[in-house]
Structure formats: structure tokens, C-alpha cells
Amino acid sequence: MERLDKILTGTGRWSRREVKELVKAGRVRVNGAAARSPEEKYDREGLDLRVDGETISGARFVYLMLHKPAGLVSATEDPRQKTVLELLPPHLRRVGLFPAGRLDRDTEGLLLLTNDGALAHDLLSPKKHVDKTYFVRVDGALDEADCAAFASGMTLGDGLECLPAGLERLEAPDEGIVTLREGKYHQIKRMLAARGKPVVYLKRLTMGPLTLDPTLEKGAWRPLTGEERAALEACRSLRRPG
Ligand code: URA
């Protein structure tokens, strides 16, 4: 059981003072009746909570796994282009979700959408050493020198310094698996362009303990399972050297 004001401020949309005003003005309804006090306690599970008629998710945080298709931007809003949030139903577009770790417009694969800013920060921090892996296809053939360059930490022509990264060659000479622990702008494309092997296709497969669910079609999403959430929690508390 949790206080109504805690549940509502937890959405990040209102301060405690604003919640008090909203309740006082009769704008908050809980399970069909006007809320009487911001201090009243409720069970988040199955809570029907509305402010000015808009349903507010009682869940503390929301975590969704999305199979991002090409052609959408990893942003919450964009004046010109379709965003990944547009793949979600309206009630999930109103709970402050954002992509934890962007993918380029033409990149496909695993995207975590959450409104848990602290978790997103931890997953993306290079210090936390949370690896992300990508399937890549290039124009050219990957070789051992490319793998060695990735492993030693590349400095690109524009001065961008990359941490050591993994590049594993696959059977097809133009295909590989890249492992990054950071996520600089267009990083894989820039690293491989610097090797003279431009990326023609890129798909994120994993992010820390999360693996793209093979049953998710492109454009489909699902909430993380309890196990996946627990695995994320466990990995965010690790701070490994290197
Ligand atoms: N590296 C890129 O170049 N693009 C992505 O979308 C992700 C990693």
C-alpha cells in the first residue's frame, strides 16, 4: 500500500504540492470515486487512477522491450519523423517512457523503453560496463586487422576515442558481431567506416542481460518479465573494472 501522493509524484509529472491541489480540486479519481486525501493509501496493483479523466499508470516504473524496425527515430518526440513511441498504445505514451540507449533511424533490434531514469543512466554508463551486442553487415570483408583495431580501442579521424570493443567475424565474410560498452553517436558506423567497411545493416541483439525476444516481430513490444527486470537490477549494481 502506498500513499496517493507518492504514486502520483512517482510519475514525474506533478510535485507533491501540485498533487495536493489536484486532490483538493476533485480532479483525482481513484477506483471510480473522487480521492479524499493525498495521504490515503492504495495498492498499486490493479489501481484505477485518473487525473482529469486521464488514466495514470499505478506501476512505479514501466519497462518495455521493443523490436525496433528501421525507419523510426529513437526519440520521444520529433516534429517531422515517426518515433518509436508511436508504436505504443495511447495509455503507454503518457507515462513518460523514453528509449534507454538510442538506435539510429535505420538500425533495428532491441530497444528498452522505460521511465526509470536512474536505471537507464546506469545501463548506459560506460563505467557500469554493460555490454551491448550488434549484428552487423558491411560493404567489404571483415578481417583480423579489424578485430584487432576494435580490441585496442580506436581513435577516429575526428578525434573520437572509443573504448576497446569486440568484433567477432561470422561465417559470411561481410558479417560480424560487435560488442560495445558505450554508445557514442553512430559509433559502429563510424568505427567501421574508419576501417573502410561501411555498415549496410545493423541490428542490436542484446543489452546487458536482455536479449531481443525472437518471438517479437519488428515493431512489436512486450513488458519485461520479472526475471528480466531482476537481471537488470542485478547488473546495474555491479561496477566492474575495465
Ligand atoms: N552504432 C551505430 O552506428 N548505430 C546504432 O544505431 C548503434 C550503434
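Look up a bit, the structure's there.
The structure displayed is predicted, hence computed values, not measured ones.

J.: Residues and numbers for the layout of surface pockets, please.
T.: The volume enclosed by the largest pocket comes to roughly 480 Å³. Looking at the largest pocket, it is lined by 24 residues, and the ones nearest its centre are Arg102, Leu103, Asp104, Lys184 and His186. Counting only elements with at least two residues in the lining of the largest pocket, the list comes to strand S10 (132–138), helix H5 (187–194) and strand S13 (199–207). Broken down by element, the lining of the largest pocket gets its largest block of residues, three residues, from H5. The residue inventory of the lining of the largest pocket, partitioned by class, reads nine nonpolar, six polar and nine charged.

J.: Give a detailed account of the nonpolar core, specifying residues and quantitative values.
T.: Ranked by size, the top nonpolar core spans 33 residues in total, and within it Leu97, Leu113, Val136, Phe150, Ile188, Met191 and Leu192 carry the most contacts. Of all the secondary-structure elements, those providing two or more residues to this core are strand S7 (63–68), strand S9 (108–114), S10, helix H4 (144–152), strand S12 (175–180), H5 and S13. For leucine 113, the contacting residues outside a window of four places in its chain are Val62, Tyr63, Leu64, Leu66, Val84, Leu85, Leu88, Leu97, Phe98 and Pro99. Core analysis: the second largest hydrophobic core is formed by 16 residues, Leu110, Leu112, Leu119 and Met207 among them.

J.: Please give an account of the sheet that holds strand S2 (residues 28–30) that cites residues and values.
T.: An order of S3-S2-S5-S6 is seen for the four strands of this open sheet, with the pairing classed as antiparallel. Strands at the two margins of the open sheet, each flanked by one partner only, are strand S3 (33–34) and strand S6 (54–56). Here strand S5 (residues 49–51) runs beside S6; their pairing, made up of three bridges, is antiparallel. In the strand pairing of S6, leucine 49 is matched with isoleucine 56.

J.: Mind laying out the pairing of S7, listing which residues take part and the relevant values?
T.: The side chains of a regular strand alternate, residue by residue, between the two faces of the sheet. Extensive coverage of S7 is indicated by the burial of six of its six residues. Alternating residues of S7 divide into Tyr63, Met65 and His67 and Leu64, Leu66 and Lys68, and every residue in both groups is buried. As defined by bridge partners, S7 adjoins S9 across six bridges and the pair is classed as antiparallel. Counterpart to lysine 68 in the pairing with S9 is glycine 109. As paired elements, S7 and strand S15 (residues 221–223) share three bridges and run antiparallel to each other. What sits directly across from methionine 65, in S15, is arginine 222.

J.: Lay out the side chain of lysine 189 with the relevant residues and their values.
T.: Mapped onto the secondary structure, lysine 189 falls in helix H5. Among the polar contacts made by the side chain of lysine 189, one reaches the side chain of aspartate 104 at a distance of 2.8 Å. Contact partners of lysine 189, with chain neighbours within four places excluded, come to Asp104, Asp106, Thr107 and Val199.

J.: Kindly report on the environment of phenylalanine 135, identifying the contributing residues and their values.
T.: Structurally, the position occupied by phenylalanine 135 is in strand S10. Of the residues examined, phenylalanine 135 reaches a relative accessible area of 15% and is grouped as buried. As for phenylalanine 135 and alanine 234, which are separated by 99 residues in sequence, their C-alpha atoms are 25 Å apart.

J.: So, the pattern of salt bridges: which residues are in play, and what are the values?
T.: Going through the model one piece at a time under the given rule, you end up with 19 salt bridges. Notably, a salt bridge pairs glutamate 40 with arginine 36, separated by 3.1 Å at the nearest N-O pair. By relative accessible area, which is 25% here, glutamate 40 ends up partly exposed. Arginine 36 sits in the exposed class, given a relative accessible area of 68%. Residues arginine 190 and aspartate 158 are paired through a salt bridge, measuring 2.6 Å at the closest nitrogen-oxygen approach. Of the two residues, arginine 190 sits in helix H5 while aspartate 158 sits in the loop between H4 and strand S11 (166–169), which places them 32 residues apart along the sequence. The network of salt bridges with common partners includes Asp143, Asp146, Arg195 and Lys197.

What counts, and where the lines are drawn
- Residues numbered from 1 in each chain as written.
- Predicted model: local features only at pLDDT ≥ 70, side-chain atom pairs only at ≥ 80, totals over all residues.
- Heavy atoms only, no water.
- 1 Å grid on protein atoms, 1.4 Å probe; cavity = no way out; pocket = protein on both sides within 12 Å on 5 of 7 lines; lining within 4 Å.
- Points joined across faces, edges and corners; volume = space filled by probe spheres on them.
- Helix = DSSP H or I, 4+ residues; strand = E, 2+ residues; numbered from the N terminus.
- Nonpolar A, V, L, I, M, F, W, Y, C, P; charged D, E, K, R; others polar.
- Core = buried A, V, L, I, M, F, W, Y, C linked by side-chain atoms within 4.5 Å.
- Buried < 20%, exposed > 50% of the residue type's maximum accessible area, 1.4 Å probe, protein only.
- Contact = heavy atoms within 4.5 Å.
- Pairing = 2+ DSSP bridges.
- Polar contact = N/O pair within 3.5 Å; in protein donor to acceptor, adjacent residues only side chain to side chain.
- Salt bridge = Lys/Arg side-chain N within 4 Å of Asp/Glu carboxyl O.

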